Amino acid sequence: MDIFNTLLSIQSFAATISFIAGALVVSVVAFLMISSKNVEEKHLAKEKVYKVRDKYFVFLSACIVAGLFISLRLLPYSPFESHPDQEVTVVAMQWAWKMGIGKTDLSPSEFQGINEVTVESGKHIQFLVTSADVNHNFAIYNNAGDLVAQTQAMPGYQNKLDYIFPEAGEYHVLCLEYCGLAHGFMTATIHVK
Amino acid sequence: MSQINSTDFKKQKNLIALWSYTFLIIFPLLIILGLLMRLNQGEVIDLGIDNFYVVMTLHGLGMAGLLYSMAFGALWYLLASRYVKLNIKVGYFIYTTVIIGVVGLVIATLIGKFGAGWYLLYPLPFKGTFWPGWATALSIISLILLGIAWLIGNIHVVYALARNFGGLANIIGWQYLGRKKVDTELPPVVLIAAISLIPGVIAFLAGAVFLIMFLLQNFEPGLNFDNLLVKNLIFFFGHTLVNITLYCCLGWVYALLPEYSGREWKVNKLLVYSWNATFFFILFAYFHHLYMDFVQPKPLHIAGQLASYFSAIPATAVTMFGVISQIYRSKIRWTIVPTTFLLGVAGWAIGGFAAVVDSTIAINKILHNTLWVPAHFHTYMLTGVVLFLLGFLFHLTQTKDEQVKDKLSITGFWTFLIAAHCFVASFYAGGLNSIPRRYSDYTGIPMASTHSTGATLAAISTIFIYILLIGLLIMYFSIFKNLRQWYKNPSKT
């Protein structure tokens with residue numbers, strides 16, 4: 001689907017930039033606490049700070065523009081012209097998943113699916129996700145425990161989640177929206193050939 | 001500054017003492033609820049699934065409500081004791097109504113076992129519940145009481161400020177944007193109070209709308225409200241409440257830090273532009289909670305990311321650099337108050353950055369509803385808001401000389417802070433390992449590595465909760481003693 005999903009690098013990217021930002025904050029705090037032992041004329045000190053601020057403002061603005069430019073090209077939403085190779089109906093209910101190949105005209109409560117489905121790797125799969133009762137979240141994990149794709153399962157609405165499984169194997173579905181007592185036990189399996 | 005007579009001052013002093021004691025007593029109890037949750041997730045104790053979600057609901061509702069109430073109470077005191085006459089009867093009405101609401105929520109959760117989570121995502125409070133209908137009804141009514149109290153409080157403060165400073169446009173600083181010289185300077189805390197409390201009014205009205213819908217649903221189960229609409233109302237309310245809690249705290253950082261640095265902090269054009277922009281970012285950033293609702297119109301998702309990204313400009317380039325210019329080479333004495341304020345700003349910066357990371361749609365699709373979410377809001381609250389509140393309490397009750405002598409509090413503070421950062425680190429690590437949030441335990445997860453990582457991180461995190469509680473206890477020795485002396489001594493302001 002995109003390079004981030006394929007390489008599963010979002011977590012490491014988030015970790016790296018957050019660590020750098022955290023280290024920067026700690027360094028600034030330490031610098032301020034040490035430098036405040038000295039005294040300087042109020043307006044001179046402020047002038048120095050404002051000079052740094054001006055540079056920071058330019059840097060931050062550039063980061064924001066670059067961040068938006070890159071990240072807004074990687075949205076998970078289906079384009080209108082999306083033509084999946086295979087569609088999978090997914091209905092969430094307290095506390096199970098009903099899945100089946102293809103679309104359905106049945107209502108979520110009438111739909112008869114099971115908690116496992118088989119799809120092909122390298123194909124564009126579109127999950128048509130809804131709920132028969134409360135809000136749930138359809139989250140797909142690979143066997144190593146990395147979250148690879150997700151969307152909300154909401155009563156009265158159908159969310160379309162596109163995903164290309166990069167390789168064959170077992171994938172697991174967990175619920176990622178608190179939905180009541182057995183929220184943590186609401187699982188299903190996707191077999192990828 | 002307005003002139004406050006000694007009788008009125010004494011009344012305001014009684015009120016803030018009441019808020020302070022309430023906060024100080026309830027806060028560690030709510031931490032203990034959090035500890036129980038992590039112990040359960042770490043498989044150290046077995047609460048039972050139903051009890052876990054009851055504890056989770058009370059911990060979330062309690063912390064969000066308590067921290068906002070105390071932040072608002074402190075802002076009220078600061079404004080009432082320095083700048084504007086606030087009606088003490090309204091103050092007591094707010095306090096009493098909040099307490100009645102809290103008692104209702106405690107009964108609904110601990111006795112009624114209400115466990116729908118702190119934001120009661122519709123229609124969960126009504127479907128597949130493990131608690132009786134009366135507990136849902138009591139929770140809704142209690143939350144309505146809290147909403148009424150906060151709404152009246154916010155309206156009263158905004159109205160009083162507007163009356164005192166020449167109108168609504170003036171308290172949001174618009175007189176600084178014209179060419180004419182400003183006659184009466186606006187204290188920064190007034191500008192920030194207005195910018196925080198006006199979105200609060202809008203959020204509490206949104207909260208009132210969905211709570212009334214809930215009440216109708218409770219008595220007429222056949223009703224069926226649009227899910228996406230209710231979700232938008234809930235997240236707008238919840239996000240704004242948490243956001244303005246921190247902004248209320250920043251109000252007094254702007255007011256009090258100059259008293260320690262010896263450098264004045266005035267309103268100017270840049271500050272007005274910055275905080276007016278923040279006003280809109282507060283209102284629109286909440287869309288980032290709904291990224292995984294793919295049916296929400298795409299422009300609203302993008303609006304959420306834009307508002308979240310651009311909010312970094314006023315927050316860092318204006319407020320945080322403002323703090324830096326207050327401190328840099330100021331020869332400030334690092335007593336407990338400026339230390340809590342500086343480290344609180346640092347916690348805000350770290351938690352805020354993690355929030356901006358998660359507000360990136362392309363990243364949120366992987367981090368959404370993992371432990372990254374509690375990671376960033378615990379950083380923001382525990383190492384941001386809570387430090388500001390503790391700083392406020394120390395400022396209230398100790399003179400600067402007393403602060404210099406009080407080495408015990410500083411020891412307690414660093415113990416608390418380091419443990420708090422280690423504690424939130426366990427959440428970040430969980431998020432990066434795709435551990436889901438809001439799981440009573442991880443035994444139901446089929447991937448063995450996810451189960452064991454989640455449980456191990458939870459168990460490790462409890463060590464830091466014990467340590468931060470020790471740090472808090474050490475600070476409490478000083479705070480309680482000082483609060484009592486301050487309250488009894490009429491000469492102490």
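Criteria and thresholds
Residues numbered from 1 in each chain as written. Chains lettered and ligands numbered in written order. Predicted model: local features only at pLDDT ≥ 70, side-chain atom pairs only at ≥ 80, totals over all residues. Heavy atoms only, no water. Helix = DSSP H or I, 4+ residues; strand = E, 2+ residues; numbered from the N terminus. Rg over C-alpha atoms; globule rule 2.2 N^0.38 Å. Buried < 20%, exposed > 50% of the residue type's maximum accessible area, 1.4 Å probe, protein only. Contact = heavy atoms within 4.5 Å. Areas by Shrake-Rupley, 256 points an atom, 1.4 Å probe, with all protein chains shown as cover. Lys, Arg positive; Asp, Glu negative; His and termini not counted. Charge placed at Lys NZ, Arg CZ, Asp CG, Glu CD. Salt bridge = Lys/Arg side-chain N within 4 Å of Asp/Glu carboxyl O. Domains from an automatic or database assignment. Axes fitted to C-alpha atoms, helices over the stretch in contact; angles between N-to-C directions. Parallel < 35°, antiparallel > 145°, perpendicular 65-115°, else oblique. Left-handed = near helix turned anticlockwise from the far one by under 90°. Nonpolar A, V, L, I, M, F, W, Y, C, P; charged D, E, K, R; others polar. Expected span 1.5 Å × (residues − 1). Polar contact = N/O pair within 3.5 Å; in protein donor to acceptor, adjacent residues only side chain to side chain. Pairing = 2+ DSSP bridges. Bend = angle between axes of the 7 residues up to and from the residue. Core = buried A, V, L, I, M, F, W, Y, C linked by side-chain atoms within 4.5 Å. Buried area = accessible area lost by both parts, 1.4 Å probe. Phe/Tyr/Trp six-rings, centres within 6.5 Å; stacked < 30°, edge-to-face > 60°.

## Concerning the overall build of chain A
Each helix and strand counted, chain A has three helices and nine strands in total. Seen in sequence order, chain A has helices and strands lined up from the N terminus as α-α-α-β-β-β-β-β-β-β-β-β. Relative to the globule expectation of 16 Å for 193 residues, the C-alpha radius of gyration of chain A, 24 Å, shows a markedly less compact shape. Principal-axis analysis of the C-alpha atoms places the extent of chain A at approximately 75 × 40 × 30 Å. Here chain A holds 193 residues, and 47% of them are scored as buried. Of the contacts formed within chain A by residues at least 6 apart in sequence, a portion of 62% connects residues at least 24 apart. Surface summary for chain A: the accessible area is close to 9,300 Å², and the carbon and sulfur share equals 63%. In chain A, 13 positive and 18 negative side-chain charges are present, and the distance between their average locations comes to 16 Å.

## Some points on the pattern of salt bridges
If you walk through the whole model with that rule in mind, you get nine salt bridges over all chains. Between E40(A) and R329(B) there is a salt bridge; the shortest N-O distance is 3.1 Å. With E40(A) in the loop between α2 (10–35) and α3 (42–71) and R329(B) in the loop between α10 (312–327) and α11 (336–358), this residue pair bridges two chains. Note on R329(B): relative accessible area 25%, which makes it partly exposed. The closest approach of N and O atoms between E264(B) and K266(B), which form a salt bridge, is 4.0 Å.

## Digging into the domain arrangement of chain A
We note that the domain assignment places domain 1 (3–71) and domain 2 (86–192) within chain A. The C-alpha-based centres of domain 1 of chain A and domain 2 of chain A are spaced at 39 Å.

## Remarks on the packing of α3(A) against α10(B)
Contact geometry of α3(A) with α10(B) gives a least axis separation of 10 Å together with a crossing angle of 160°. For the element pair α3(A) / α10(B), the angle class is roughly antiparallel. Regarding α3(A) and α10(B), the two cross each other, and that crossing is right-handed. Every residue of α10(B) that contacts α3(A) at K46(A), V49(A), Y50(A), V52(A), R53(A), Y56(A), F57(A), L60(A), S61(A) and I64(A) is listed here: A312(B), I313(B), T316(B), A317(B), F321(B), I324(B) and S325(B). Considered class by class, the residues forming the contact of α3(A) with α10(B) number twelve nonpolar, three polar and two charged.

## So, helix α3 (residues 88–111) of chain B
All names here are of chain B. With 24 residues, α3 should reach 34 Å at 1.5 Å per residue; the first-to-last C-alpha distance of 34 Å fits that figure. In the core, the buried residues of α3 are packed alongside α1 (6–41), α2 (49–82) and α4 (133–164). In this structure N87 caps α3, since a side-chain oxygen of it lies 2.8 Å from the backbone nitrogen of K89.

## Considering the sheet that holds strand β4 (residues 124–131) of chain A
Residues and elements named next belong to chain A. Pairing within the open sheet is mixed, and its four strands lie in the order β2-β1-β4-β7. In this open sheet, the two strands that pair with only one neighbour each are β2 (96–101) and β7 (159–164). The average angle at which neighbouring strand axes cross in this sheet is 25°, direction not considered. The pairing of β4 with β7 spans six bridges and is antiparallel. Across the sheet, Q126 pairs through a bridge with D162, a residue of β7.

## Remarks on helix α7 (residues 227–261) of chain B
For an α-helix, 3.6 residues make a turn, and residues three or four places apart therefore share a direction. Residue and element names in this part refer to chain B. Between its first and last C-alpha, α7 extends 50 Å over 35 residues, near the 51 Å set by a 1.5 Å rise per residue. A bend of about 30° at Y254 is the largest found in α7, and the proline P258 appears one to four places after it. In terms of burial, α7 is largely enclosed, as 33 of its 35 residues are buried. Two to three positions downstream of the cap, the backbone nitrogen of L228 sits 3.0 Å from a side-chain oxygen, assigning the N-cap of α7 to D226. Looking one or two residues past α7, G262 carries a phi angle of roughly 75°, positive in sign.

## Brief notes about the sheet that holds strand β8 (residues 169–175) of chain A
Residues and elements named next belong to chain A. If you walk across this open sheet you meet the five strands as β3-β9-β8-β5-β6, and the pairing is mixed. Lying at the two open borders of the sheet, with one neighbouring strand each, are β3 (116–119) and β6 (147–153). Neighbour to neighbour, the strand axes of the sheet diverge by 20° on average, direction disregarded. Where β8 meets strand β9 (residues 188–192), five bridges bridge the pair, whose relative direction is antiparallel. By the bridge assignment for β9, Y171 is matched with I190.

## Re the packing of α3(B) against α4(B)
Axes are the key here: two packed helices are described by the angle between their axes and the distance separating the axes. All names here are of chain B. With their axes 8 Å apart at the nearest point, α3 and α4 run at an angle of 160° to one another. When the axis of α3 is compared with that of α4, the two are roughly antiparallel. Judged by the sense of rotation from one axis to the other, the crossing of α3 with α4 is left-handed.

## Things to note about the nonpolar core
Formed by 236 residues in total, the largest nonpolar core has its most connected members in F127(A), F138(A), I190(A), L79(B) and W252(B). Both domains that meet at this core, namely domain 1 (3–71) and domain 2 (86–192) of chain A, each give it at least three residues. Those residues in contact with W252(B) that lie beyond four places of it in its chain are A71(B), A74(B), L75(B), L78(B), V189(B), L257(B), F341(B), F388(B), L389(B) and F392(B). Listed in part, the six residues of the second largest apolar core include L60(A), I64(A), L68(A) and Y309(B).

## As for unusual backbone geometry
The step from Q94(A) to W95(A) runs through a cis peptide bond, and the omega angle for that step is 0°. In the segment running from Y122(B) into P123(B), the intervening peptide bond is cis, with an omega of 0°. In this fold, P123(B) is placed in the loop between α3 and α4. Although it is not a glycine, K113(B) sits at a positive phi angle of roughly 65°. Relative to the helices and strands, K113(B) is located in the loop between α3 and α4. Take K113(B): its relative accessible area is 27%, and that puts it in the partly exposed class. Residues other than glycine seldom take positive phi values, yet S434(B) does so here, at roughly 60°. Here S434(B) shows up in the loop between α15 (407–432) and α16 (448–488). For S434(B), a relative accessible area of 0% translates into the label buried.

## A word on the interface of chain B and chain A
With 86 residues of chain B at the interface, the matching set in chain A holds 82 residues. Each partner contributes to the roughly 7,300 Å² buried at the junction of chain B and chain A, and carbon and sulfur atoms together form 70% of this total. Among the residues of chain B in contact with chain A, F294(B), R329(B) and K365(B) are the three that bury the most area, contributing 11% of the side total. The tally of links between chain B and chain A comes to one salt bridge. Between chain B and chain A we count 31 residue pairs in polar contact (both at pLDDT 80 or more) in total. Secondary structure elements with two or more residues in the side of chain B that touches chain A: α2, α7, α9 (298–310), α10, α11, α12 (361–367), α15 and α16 of chain B.

## Here's the deal with the packing of aromatic side chains
With the rule as written, the count across this model stands at 46 aromatic pairs over all chains. Between W97(A) and F138(A), the ring centres sit 5.5 Å apart and the planes meet at 70°, which makes this aromatic pair edge-to-face. Taken as a pair, W97(A) in strand β2 and F138(A) in strand β5 (residues 136–141) lie far apart in primary sequence, 41 residues in all. A relative accessible area of 0% means that F138(A) is categorised as buried. Aromatic rings pair up to connect Y68(B), F72(B), W76(B), Y122(B), F126(B), W150(B), F204(B), F210(B), F214(B), F225(B) and F237(B) into one cluster.

## Some details on the pairing of β3(A)
Residue and element names in this part refer to chain A. Residues of β3 alternate between two faces, with V117 and V119 buried on one and E116 and T118 left unburied on the opposite face. In the sheet, β3 pairs with β9 via four bridges, with the strands oriented parallel. Across the sheet, residue T118 finds its bridge partner in β9, namely H191.

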